[in-house]
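Residue-level structure breakdown
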Amino acid sequence: MGSAHSVPAEMRELADRTGFTSEQIEHLHRRFKQLSRDQLTIRNLRPESDGLADEINFEDFLTIMSYFRPIEMNMDEEQLDRFRKEKLKFLFHMYDSDHDGKITLQEYRNVVEELLSGNPHLEKESARSIADGAMMEAASICVGQMGPDQVYEGITFEDFLKMWQGIDIETKMHVRFLNMETIAHCY
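Residues numbered from 1 in each chain as written. Predicted model: local features only at pLDDT ≥ 70, side-chain atom pairs only at ≥ 80, totals over all residues. Heavy atoms only, no water.

Right, let's get into the overall build of the protein. Along the protein, the regular secondary structure elements total nine helices and two strands. The order of helices and strands in the protein, counted from the N terminus, is α-α-β-β-α-α-α-α-α-α-α. The 187 residues of the protein split such that 28% are buried. Across the protein, the fraction of contacts at a sequence separation of at least 24, relative to all contacts at a separation of at least 6, is 50%. Approximately 13,000 Å² of the protein is accessible, and the part contributed by carbon and sulfur atoms is 53%. (Helix = DSSP H or I, 4+ residues; strand = E, 2+ residues; numbered from the N terminus. Buried < 20%, exposed > 50% of the residue type's maximum accessible area, 1.4 Å probe, protein only. Contact = heavy atoms within 4.5 Å. Areas by Shrake-Rupley, 256 points an atom, 1.4 Å probe, with all protein chains shown as cover.)

Given below as structure tokens:
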């Protein structure tokens, strides 16, 4: 994470930028080193990068992980709402690969196919059907009843917020920091 002299200042800057504590940053750094096999970056192993970074360094990794940090118990409603929107904005951009402000059917199909590609029992057509059905559901939630000649252009961020309304992502989608000493005693 830097030279021995710069660690405290660098750690404070990373903590301020990401919202993680120093202990959490140290834990994530150990995990990064495991994932990178003690290299300075983690390489993207996907055959087609689709505009994604080919490799990320620890600061990039920490920034990405910061979207999944646990909520703080002393957050007021405004802070929770802002935290939720930041997390949803990050997720939205994962789907919106061309960054035009809409998740198109093709973009959604690409993500679903990639997520389900590890399942040897699921064919590409099945993944495509799942994506198509989900997009039809999104259209019904966001637009309502559509006319026969009306085309759904895609999911905007406002639509995305509507779709996630009432789902408790703040507590379900976060990094858990386990006490490794406690786990070691379980063996």
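Before going further, it helps to examine the UniProt feature "domain: EF-hand" (unreviewed entry) in the protein. Under the feature "domain: EF-hand" (unreviewed entry), the UniProt entry names residues 83-118. Taken end to end, residues 83-118 has its terminal C-alpha atoms 31 Å apart, with 69% of it in helix and 0% in strand. (UniProt positions renumbered as here; feature names shortened; annotations may be inferred.)

This part is about the pattern of salt bridges. Pairing between side chains of opposite charge can happen when their charged atoms approach one another. Considering all chains together, one arrives at seven salt bridges under this definition. The closest approach of N and O atoms between Glu59 and Arg17, which form a salt bridge, is 3.2 Å. Placement of the pair is Glu59 in helix 3 (residues 58-66) and Arg17 in helix 1 (residues 7-18), with a sequence separation of 42 residues. Using a relative accessible area of 33% as the deciding quantity, one classes Glu59 as partly exposed. (Salt bridge = Lys/Arg side-chain N within 4 Å of Asp/Glu carboxyl O.)

Averaged over all residues, the pLDDT of the protein equals 80, while 83% of them reach at least 70. By mean pLDDT, helix 9 (residues 180-186) is the weakest element of the protein at 44, and helix 7 (residues 157-164) is the strongest at 90. Contacts for the low-pLDDT stretch residues 45-49, under 50 throughout, to residues beyond four places or in other chains number four contacts. Residue range residues 180-187 is modelled with pLDDT below 50. Its contacts to residues more than four positions away, or to other chains, number two contacts. (pLDDT = per-residue confidence, 0-100.)

Another aspect to go through is the nonpolar core. Judged by nonpolar contacts, the single largest core of 34 residues is most densely connected at Ile25, Phe58 and Phe160. Mapped by element, the contributors of at least two residues to this core are helix 1, helix 2 (22-36), helix 3, helix 4 (77-95), helix 5 (105-116), helix 6 (124-142) and helix 7. Of the residues forming this core, the biggest block, six residues, is contributed by helix 6. (Core = buried A, V, L, I, M, F, W, Y, C linked by side-chain atoms within 4.5 Å.)

Here we take up the environment of Asn57. Following the sequence through the fold, Asn57 ends up in strand 2 (residues 55-57). A relative accessible area of 33% means that Asn57 is categorised as partly exposed. Separated by 15 residues in the primary sequence, Asn57 and Ile42 place their C-alpha atoms 6.5 Å from one another.

Looking now at helix 6. A rise of 1.5 Å per residue sets the reference length of helix 6, with its 19 residues, at 27 Å; its end C-alpha atoms lie 27 Å apart and thus fit the reference within 8%. All of the buried residues in helix 6 are Ala127, Ala131, Met135, Ala138, Ala139 and Cys142. Down the axis, helix 6 shows its buried residues gathered within 115 degrees of arc, on one side only. More than 90 degrees from the buried face of helix 6, the exposed residues found are Glu125 and Met136. In the core, the buried residues of helix 6 are packed alongside helix 5 and helix 7. In the segment just after helix 6, Gly144 is the residue with positive phi, at about 90 degrees. (Expected span 1.5 Å × (residues − 1). Arc of directions from axis to C-beta.)

Quick look at helix 3 now. Among the residues making up helix 3, those that are buried are Phe58, Phe61, Leu62, Met65 and Ser66. All buried residues of helix 3 fall inside an arc of 135 degrees around its axis, so they share one side. Among the residues of helix 3, the N-terminal cap falls to Asn57, whose side-chain oxygen and the backbone nitrogen of Glu59 are separated by 3.1 Å. (Polar contact = N/O pair within 3.5 Å; in protein donor to acceptor, adjacent residues only side chain to side chain.)

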